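# Structural overview
Residue-level listing of the chains:
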Amino acid sequence: MNASDQVRSLEMARLLANLSTAFRQRFPVAKPSLNPWRDDPHTKAFAEEASLDLAFHFPGWSPRNACRSVLVELRLLEPLPAEPRLMGVVLRGMTYQGEQWKLTSLGDWPVTGASPPSPEVVRRLQDFVRDAFALLGAAPDQLADR
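## Some thoughts on the overall build of the protein
When helices and strands are counted, the protein shows four helices and six strands. When the helices and strands of the protein are listed from N to C terminus, the series reads α-α-β-α-β-β-β-β-β-α. Looking at the protein residue by residue over its 146 residues, the buried ones come to 42%. Sequence-distant contacts in the protein: of pairs separated by 6 or more residues, those separated by 24 or more amount to 52%.

Shown next as structure tokens:
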């Protein structure tokens, strides 16, 4: 679900601002979007209440990022407005041709896809995922050895 649709309190607005700041600390040229999904009935039929989705758009394509945008899908343990607790994260590197790579917070946080980003970009993305877990109250064992 679009993150902007979930903002119903000052705390949620602050959380989204902190997530955007955490991403932009690693990718300063990225522009945040709290509305990555279309606002139409077909798309809304697939909306998940226990999800916060946002995107970050780069000014152009670079071989290091291997994408023009990163779609961030934050999977929550309970639907909002309950206190958000993060269950998992999926990052997708997108171009006009579709998904180029995907990083999930399962196992050893692998990056899969036809065109993965550079190892340095992968490290920065993993650092952002760690920050997301810290901001959304992750259990310590979810961050062990990452």
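## Structural notes on the sheet that holds strand E5 (residues 98-104)
A sheet is described by the order of its strands in space; here six strands give the open sequence E1-E2-E3-E4-E5-E6, paired in antiparallel fashion. What marks the edges here is a single partner per strand, and that holds for strand E1 (31-33) and strand E6 (111-112). Packed on one face of the sheet, helix H4 (residues 119-135) meets strand E3 (67-76), strand E4 (86-95), E5 and E6 and runs near 145° to E4.

## Things to note about the pattern of salt bridges
One pass over the full model with this rule turns up eight salt bridges. The closest approach of N and O atoms between Asp 131 and Arg 26, which form a salt bridge, is 2.8 Å. Of this pair, Asp 131 sits in helix H4 while Arg 26 sits in helix H2 (residues 10-26), and the two are 105 residues apart along the sequence. Classification of Asp 131 by relative accessible area gives partly exposed; the value is 23%. Residue Arg 26 is classed as buried on the basis of its relative accessible area of 17%. The residue Arg 92 makes a salt bridge to Glu 73 at a minimum N-O spacing of 2.6 Å. With Arg 92 in strand E4 and Glu 73 in strand E3, this residue pair connects regions lying 19 residues apart in the sequence.

## Concerning H4
Spanning 17 residues, H4 covers 24 Å between terminal C-alpha atoms, matching the ideal 24 Å at 1.5 Å per step. Inspection of H4 places Val 121, Val 122, Arg 124, Leu 125, Gln 126, Phe 128, Val 129, Ala 132 and Phe 133 among the buried residues, and these make up the whole buried set. Positive phi shows up at Gly 137, right after H4, with a value of about 65°.

The rules behind these values
- Every residue gets a number counted from 1 within its own chain, in the order that chain's sequence is written.
- Where local features are concerned, this predicted model is filtered to residues with pLDDT of at least 70; where side-chain atom pairs are given and counted, the filter is 80 or more; whole-chain, interface and lining totals use all residues.
- Think of the side-chain values as coming from all heavy atoms in the structure, minus any hydrogens and water.
- Starting at the N terminus, helices and strands are each numbered in turn, a helix being any DSSP run of H or I of at least four residues and a strand any DSSP run of E of at least two.
- For every residue, the accessible area obtained with a 1.4 Å probe (protein chains only) is divided by the maximum for its type, and the residue is called buried under 20%, exposed over 50%, and partly exposed between those limits.
- Contact criterion: two residues are considered in contact whenever any of their non-hydrogen atoms come within 4.5 Å of each other.
- One bridge is not enough; two strands pair if DSSP finds at least two bridges between them.
- Axis lines are fitted to C-alpha atoms, over the contacting stretch for helices. Their N-to-C directions set the angle, which ranges from 0 to 180 degrees.
- Whenever a carboxyl oxygen of Asp or Glu lies within 4 Å of a side-chain nitrogen of Lys or Arg, that contact is scored as a salt bridge.
- Take the residue count of a helix, subtract one, and multiply by 1.5 Å to get its expected span.

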